[in-house]
Amino acid sequence: MKILCRGKSLSLICGALSWLRDFEQKKQEEEERLLEAGADPLNDGKDQAPCPPPSCQQSPGSPRATGEPDWVTQFVQKKEERDLVDRLKEGQVRRKKREERLRQIRHNASLKFAAKRMRQEDEETERLLRLSRAMLAAGTGPEQLACGEDELVLAEYESDEERVSASGVDVDEDDLEEEHVTKIYYCSRTHSQLAQFVHEVQKSPFGKDTRLVSLGSRQNLCVNEDVRKLGSVQLINDRCVELQRSKHEKKSVAEEEKPGRRRRLEPRATCPFYSHKQLQLLRDEVLLEVKDIEQLVALGKEARACPYYGSRFAIPAAQLVVLPYQILLHAAARQAAGIRLQGQVVVIDEAHNLIDTITGIHSVEVSGSQLCQAHSQLLQYTERYGKRLKAKNLMYIKQILYVLEKFVTVLGGNVKQSPNTQSLSQSGTELKTVSDFLFQSQIDNINLFKVKRYCEKSMVSRKLFGFTERYGAVLAPSREQPKLSGFQHFLQSLQPGVTAAPAAPAEEGEDRAPRPASPLMHIEGFLAALTTANQDGRVILSRQGSLSQSSLKFLLLNPAVHFAQVVKECRAVVLAGGTMQPVSDFREQLLACAGVEAERVVEFSCGHVIPADNILPLVICSGPSNQQLEFTYQKRELPQMMDETGRILCNLCNVVPGGVVCFFPSYAYQRQVHAHWDKSGLLARLAVRKKIFQEPQRVNQVEQVLLEYSRCIQHCGQAGGMVTGALMFSVVGGKMSEGINFSDNLGRCVVMVGMPFPSIRSAELQEKMAYLDQTLPRAPGQVPPGKALVENLCMKAVNQSIGRAIRHQKDFASIVLLDQRYARPPILAKLPAWIRDRVQVKATFGPAFAALRKFHREKSGSS
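Residues numbered from 1 in each chain as written. Predicted model: local features only at pLDDT ≥ 70, side-chain atom pairs only at ≥ 80, totals over all residues. Heavy atoms only, no water.

A. Representation of the overall build of the chain within the structure. Within the chain, the secondary structure is distributed over 32 helices and 16 strands. Here the chain holds 863 residues, and 46% of them are scored as buried. Restricting the contact set of the chain to residue pairs at least 6 apart, pairs at least 24 apart contribute 79%. For the chain, the exposed surface amounts to about 45,500 Å²; the carbon and sulfur share of it is 51%. (Helix = DSSP H or I, 4+ residues; strand = E, 2+ residues; numbered from the N terminus. Buried < 20%, exposed > 50% of the residue type's maximum accessible area, 1.4 Å probe, protein only. Contact = heavy atoms within 4.5 Å. Areas by Shrake-Rupley, 256 points an atom, 1.4 Å probe, with all protein chains shown as cover.)

B. Geometry of the sheet that holds strand E10 (residues 615-620). Pairing is parallel across the open sheet formed by seven strands, whose spatial order is E12-E13-E11-E14-E15-E10-E16. The open sheet terminates on both sides in strands that have one partner only, identified here as strand E12 (690-694) and strand E16 (840-842). Neighbour-to-neighbour, the strand axes of the sheet open up by a mean angle of 20°, direction not taken into account. Where E10 lies against E16, three bridges are found, and the strand directions are parallel. The residue bridging Leu618 from the neighbouring strand is Gln840, located in E16. Strands E12 and strand E13 (725-731) of the sheet are contacted by helix H26 (residues 682-689), whose axis makes an angle of about 120° with E12. (Pairing = 2+ DSSP bridges. Axes fitted to C-alpha atoms, helices over the stretch in contact; angles between N-to-C directions.)

C. Spotlight on the environment of Asp585. Mapped onto the secondary structure, Asp585 falls in helix H23 (residues 584-592). With relative accessibility at 5%, the residue Asp585 sits in the buried group. Distance from Asp585 to His352, taken between C-alpha atoms, is 9.8 Å for residues 233 residues apart in sequence. Among residues more than four places away in sequence, those in contact with Asp585 are Ile355, Leu590, Asn792 and Lys796. Here the side chain of Asp585 touches Asn792 through a polar contact of 2.6 Å, side chain to side chain. (Polar contact = N/O pair within 3.5 Å; in protein donor to acceptor, adjacent residues only side chain to side chain.)

D. Quick peek at the packing of helix H19 (residues 448-458) against helix H21 (residues 519-532). Two elements in contact, H19 and H21, have axes whose closest approach is 10 Å; the angle formed by their N-to-C orientations is 140°. On the basis of their axis angle, the class for H19 and H21 is oblique. The two elements H19 and H21 cross, and the hand of that crossing is left-handed. Contacts between H19 and H21 involve Leu448, Phe449, Val451, Lys452 and Cys455 from the first element and Glu524, Leu527, Ala528, Leu530 and Thr531 from the second. Considering only residue class, the contact of H19 with H21 consists of seven nonpolar, one polar and two charged. (Parallel < 35°, antiparallel > 145°, perpendicular 65-115°, else oblique. Left-handed = near helix turned anticlockwise from the far one by under 90°. Nonpolar A, V, L, I, M, F, W, Y, C, P; charged D, E, K, R; others polar.)

E. Representation of unusual backbone geometry within the structure. Even without being a glycine, Met459 presents a positive backbone phi close to 55°. Within the element layout of this structure, Met459 appears in the loop between H19 and helix H20 (460-471). Judged by relative accessible area, which is 10%, Met459 ranks as buried. For Asn626, which is not a glycine, the phi torsion comes out positive at approximately 65°. One can find Asn626 in the loop between E10 and helix H24 (639-655).

F. Main features of the packing of aromatic side chains. In total, this model carries 19 aromatic pairs according to the counting rule given. The rings of Phe664, Tyr669, Trp677 and Phe729 are connected pair by pair, giving a single aromatic cluster. Here the basic side chain of Arg312 rests over the ring of Tyr308, its NZ or CZ set 3.7 Å away from the ring centre. Taking NZ or CZ as reference, Arg761 lies 5.9 Å from the ring centre of Tyr633, over its face. (Phe/Tyr/Trp six-rings, centres within 6.5 Å; stacked < 30°, edge-to-face > 60°. Lys NZ or Arg CZ within 6 Å of the ring centre and 35° of its normal.)

G. Representation of the pattern of salt bridges within the structure. Enumeration according to the criterion identifies 16 salt bridges in this entry. Of the charged contacts in the structure, one is a salt bridge between Arg538 and Glu767, with a shortest N-O distance of 2.8 Å. Taken together, the residues Arg538 in strand E7 (residues 537-544) and Glu767 in helix H28 (residues 763-775) connect sequence positions 229 residues apart. A salt bridge links Glu644 to Arg647; the nearest nitrogen and oxygen atoms lie 2.7 Å apart. (Salt bridge = Lys/Arg side-chain N within 4 Å of Asp/Glu carboxyl O.)

H. Structural context of helix H22 (residues 560-569). Residues Ala560, Phe563, Val566 and Val567 constitute the buried set of H22. One face of H22 carries all of its buried residues, which in axial projection span an arc of 115°. For H22, the secondary structure elements touched by its buried residues are helix H13 (325-328), helix H14 (331-337), strand E4 (345-348), helix H15 (354-361), strand E9 (572-575) and H23. (Arc of directions from axis to C-beta.)

I. Geometry of the nonpolar core. One finds Leu323, Ile339, Ile348, Leu354 and Phe563 to be the most contacted residues of the largest nonpolar core, which totals 64 residues. It is helix H11 (residues 293-303) that contributes the most residues to this core, five residues altogether. Those residues in contact with Leu354 that lie beyond four places of it in its chain are Leu329, Ile348, Phe563, Leu575, Phe586 and Leu590. (Core = buried A, V, L, I, M, F, W, Y, C linked by side-chain atoms within 4.5 Å.)

J. Expanded view of the side chain of Lys859. Positionally, Lys859 belongs in helix H32 (residues 845-862). From its side chain, Lys859 meets the backbone oxygen of Asp613 in a polar contact 3.3 Å long. A polar side-chain atom of Lys859 sits 2.9 Å from a polar atom in the side chain of Asn614. Here Lys859 is in contact with Asp613, Asn614 and Phe812, once residues within four sequence places are set aside.

K. Structural detail: a positive patch on the surface. A surface patch of like charges, here positive, comprises Lys392, Lys450, Arg453 and Lys457. The element contributing the most residues to the positive patch is H19, with three residues. (Patch = residues over 30% accessible without salt bridge, like charges linked within 9 Å, V, L, I, M, F, W, Y side chains within 5 Å. Lys, Arg positive; Asp, Glu negative; His and termini not counted. Charge placed at Lys NZ, Arg CZ, Asp CG, Glu CD.)

L. Expanded view of the side chain of Gln670. Within the secondary structure, Gln670 is located in helix H25 (residues 667-680). By relative accessible area, Gln670 is classed as buried at 3%. Within the local environment of Gln670, its side chain forms a polar contact with the side chain of Gln694, the two groups lying 3.3 Å apart. Beyond its immediate stretch of four places on either side in the chain, Gln670 contacts Phe664, Gln694, Glu695, Phe729 and Val731.

M. How the structure looks around the packing of helix H16 (residues 368-385) against helix H17 (residues 391-410). For the pair H16 and H17, interaxial distance at closest approach is 9 Å and the crossing angle is 155°. Taken together, the axis directions place H16 and H17 in an arrangement best described as roughly antiparallel. In this structure, the crossing between H16 and H17 has a hand that is left-handed. Across from Leu371, Cys372, Ala374, His375, Leu378, Leu379, Tyr381 and Thr382 in H16, the residues of H17 making contact are Leu394, Ile397, Ile400, Leu401, Leu404, Glu405, Phe407 and Val408. Class assignment for the residues of the contact of H16 with H17 results in 13 nonpolar, two polar and one charged.

N. Up close: the sheet that holds strand E1 (residues 184-188). One open sheet holds the five strands; their spatial order is E2-E3-E1-E4-E9, and the pairing between them is parallel. The open sheet has two edge strands, strand E2 (212-214) and E9, and neither has a second partner. On average, each strand axis in the sheet is tilted by 15° relative to the strand beside it, whichever way the strands run. Across four bridges, E1 lies against E4 in parallel orientation.

O. The arrangement of a nonpolar patch on the surface in detail. Taken together, the side chains of Val688, Met722 and Val723 define a hydrophobic patch exposed on the protein surface, amounting to about 240 Å² of accessible area. Secondary-structure assignment places Val688 in helix H26.

P. Region of interest: the pairing of strand E14 (residues 749-753). Taken across its five residues, E14 has five buried, putting it largely inside the fold. Judged by which residues are buried, E14 turns out to be covered on both faces: Cys749, Val751 and Val753 on one side and Val750 and Met752 on the other are all buried. Where strand E11 (residues 658-664) lies against E14, four bridges are found, and the strand directions are parallel. From the neighbouring strand, Val661 faces E14, where its bridge partner is Val750. In this sheet, strand E15 (residues 813-818) lies alongside E14 in parallel orientation, the contact comprising five bridges.

Q. Focus on H15. Every buried residue of H15 is listed here: Leu354, Ile355, Thr357, Ile358 and Thr359. Here the buried face of H15 lies against H13, E4, strand E8 (546-556), H22, E9 and H23.

R. View of the environment of Gln202. Mapping Gln202 onto the fold places it in helix H6 (residues 191-203). Given a relative accessible area of 31%, Gln202 falls into the partly exposed group. Here the alpha-carbon distance between Gln202 and Lys291, two residues 89 residues apart in the chain, equals 8.3 Å. Setting aside chain neighbours within four positions, we find Gln202 in contact with Gly207, Val290, Lys291 and Gln295.

Just geometry here; none of it tells us what the structure is for.
Printed below as a string of structure tokens:
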């Protein structure tokens, strides 16, 4: 399904939750009927085989077709009916128990105060224990005891409550793990989009009665400051898992100890926010009312309970689960989160990014610098602790070292030298199948499945990170002046014979930056991609001058492989977006390749809410001096082409009030055009009517630029004068081409300079085109699938950019497409219907300018 209308989120909410409410009501009525009458099994929304007619039933006592007497069959049938009734009764008990628990929490404030008092008591106990341990640590050590005197020493004490809590006996597992009810999974690309959706739910008629859970990563939900400060997603994940492992190991050791025998154990850190009792309370608070990620984190801090695990415990009973793409579209992430898609409904919003997102999630790139750094760290780790390691550990570490060395060798480098100083003899890009890459790297005799499993189970990358944290980094990330800090006690730099310099002090503000994960952690992802790949994967060897700039990248060519499981398990999948055109990519590359029959795909589209005369889409084929507009790679850098574009913008700025947003195909071309206009004086002519802004390349500067742009337009509208607004130079696919609303005076005209085709010289794009040409069927008269891919990528980017202007029913704007290729019927067909039906193609600039001036004069006068 695709929805092309303003307010699609509200439409999705109301439609999906209305269906869910009706479905639950019908299911509950059917359950009550079965419990009363003990009739046919619950069909749960799926077709059931009809009972055989009387003529087909056999007489009593006669053997069945399977050889079983009918009394055996009747007994089995009655037992199945009894089991079904028992399951329904059990489900009803669970549901009533959950509803009563939530009702008590909602209406009984004393329960919340009791829980808060209990948390304060636990915190005070923990504080006293820390003080006691500190006093013991400050002492000179235990005195030597006389013979038999040890019997006088108190044994390690553990209260009944602590023992029961440690063993988990008092934890009601039924309360923590409930049966999964039918639910809707809603996912989008960013946490801000998900937060906006949650706020829409809160404002909707379903806001008070819906059990909603917001899922996120540990980086977003962790409330343990000691873990959060690690910065890196991988480090936070590994440290969290390690803390949970410590908790379980402590429990198992306590169980294995014999009674009456003391054993002094080195205390290991566990997470204070992972308490079953507190997680149970947090789970119920989450289900009680709709909360976004920020509210969930605040609640977790107040409850001293982990929001990451608390939200996951709430999934089974939730009716609506809100989560980012990465969790839903990755099988391992779904399993880790406890997500079960069988029979559920999935809504994927902003789905124009879906194919690229799946490809990106399952594609991994490692640099030559990371490979060398991981090899050196692991080698020094082995030298330090080799005598303490078991034979099997040493065997796997040697295999990992061998694999890393061969990866560096296949790039043309040497692990014994610094990657920053190694110049490669050959440069360029090479593309291999996975099997050819393994053979060329000479690691086809290594069982990468076992190596990958060893990395996961042993957590060797986490150990390696702790090792480098203690002694310093072997090789700093490559910068303009890389710093080699070295292992101060015994490590050498990567250059043989050169002693490492002492670690340089951190620059101001450097400690606040997220710490990078161990390079081996990143390389593990590359190994995982190689082991899960099939014929749809490729490895790109990119050799770029020095080894540190070169890289190995796994490229996924067929995203449908990973999407097929989602489609197969779900009851329904809804793909929604405001700019889904062209949709052929979804049908051919994603759904058809995932095994979805054509009759199962229902396509729905609706027009825009604005009146037809509130938008003026123009295709301009030539400029004021009759220069043909065709911004191909060969022509767009010509001075006369850039001059003509400047003259067109000067004319537009004279008649368009407020803000004008001009999109360029790339940052490089935007800078080139800006420099040319500055030199020729066109920039000064533009500045007479509009103050000029440029889209920044840094994300943290976007908000400030937008604020200044908005203030300028507002001030010009109030003050009057020669300057009538602002002109924003933006880039297709940049920070302002998606998610930014240039509504009302912020965007009265959107200009698209040229067609933003992807670089045809890209090895990745060439391989993707060749793959589609080989795998997708081609009907007579149609363009090859590879060529269609390039056009679709271009037009998706165009549609996303030009959709920034019209944002509500009373808004109005003109859309100017500067390139005669837009006039071609196949290209026009890929514009959204609400733009395509109103577009005007102007062969010369005069009529186009007249239509534009008339449109804005009428609209500005009426507004």
